[in-house]
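Chain residues, written in single-letter form:
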Amino acid sequence: MKTCLVVDDSKVIRTVARRILEELAFEITEAEDGRQALAACDASVPDLVLLDWNMPVMDGLEFLKALRAREGIAQPVIVFCTTENDMSHIRVAMEAGANEYIMKPFDREIMEAKLSQVGLL
Ligand SMILES: [Mg+2]
């Protein structure tokens, strides 16, 4: 079973993402901010990280940079989540090492399309 770490400070978003990804046969873990997510990746690197941008403690970009700087660990596929109002974040996130991005709110169809683009479905 493939694994996905869902990183978002919104419990609603995490719940929606979990439901969709479980239907797509992923095993889910959750983190509320970048620091929790880094700790989760240090314990066990998932196949996929679904990453929010705005979060307290450590935001998505800081997490992305810190994870991509880790040497000697397997690197997950990172799909960054953004909103239409934050389109400018996309280029920054891709340059920092995100593999793909997805617009919120997302549904199962959009998620499936993105995950097949990155080779996870
Ligand atoms: Mg957020």
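None of these values were measured; they are calculated from a predicted model. (Residues numbered from 1 in each chain as written. Predicted model: local features only at pLDDT ≥ 70, side-chain atom pairs only at ≥ 80, totals over all residues.)

Caption draft 1: Up close: the overall build of the chain. Assigned secondary structure in the chain consists of five helices and five strands. Ordered by position from the N terminus, the helices and strands of the chain form the series β-α-β-α-β-α-β-α-β-α. Here the chain has a C-alpha radius of gyration of 13 Å; the compact-globule value for 121 residues is 14 Å, and the two agree. Considered along the principal axes of its C-alpha atoms, the chain spans approximately 35 × 35 × 25 Å. Taking all 121 residues of the chain together, the buried fraction comes to 29%. Sequence separation of 24 or more characterises 59% of the internal contacts of the chain that already satisfy a separation of 6 or more. (Helix = DSSP H or I, 4+ residues; strand = E, 2+ residues; numbered from the N terminus. Rg over C-alpha atoms; globule rule 2.2 N^0.38 Å. Buried ≥ 20, exposed ≤ 12 C-beta atoms within 10 Å, placed from the backbone. Contact = placed C-beta atoms within 7 Å.)

Caption draft 2: Region of interest: the nonpolar core. Core analysis: the biggest nonpolar cluster contains 27 residues, and Leu5, Val7, Val49, Leu50, Leu51 and Phe80 have the highest contact counts within it. Apart from the residues within four sequence positions on either side, leucine 51 is in contact with Val7, Gly60, Phe63, Leu64, Ile78, Val79, Phe80 and Cys81. (Core = buried A, V, L, I, M, F, W, Y, C linked by C-beta atoms within 7 Å.)

Caption draft 3: Region of interest: the UniProt feature "modified residue: 4-aspartylphosphate" (unreviewed entry) in the chain. As recorded in UniProt, the feature "modified residue: 4-aspartylphosphate" (unreviewed entry) lies at Asp52. Mapped onto the fold, aspartate 52 is located in the loop between strand E3 (48-51) and helix H3 (60-68). Residues in contact with aspartate 52, not counting those within four places in the same chain, are Val7, Asp8, Asp9, Ile13, Gly60 and Cys81. (UniProt positions renumbered as here; feature names shortened; annotations may be inferred.)

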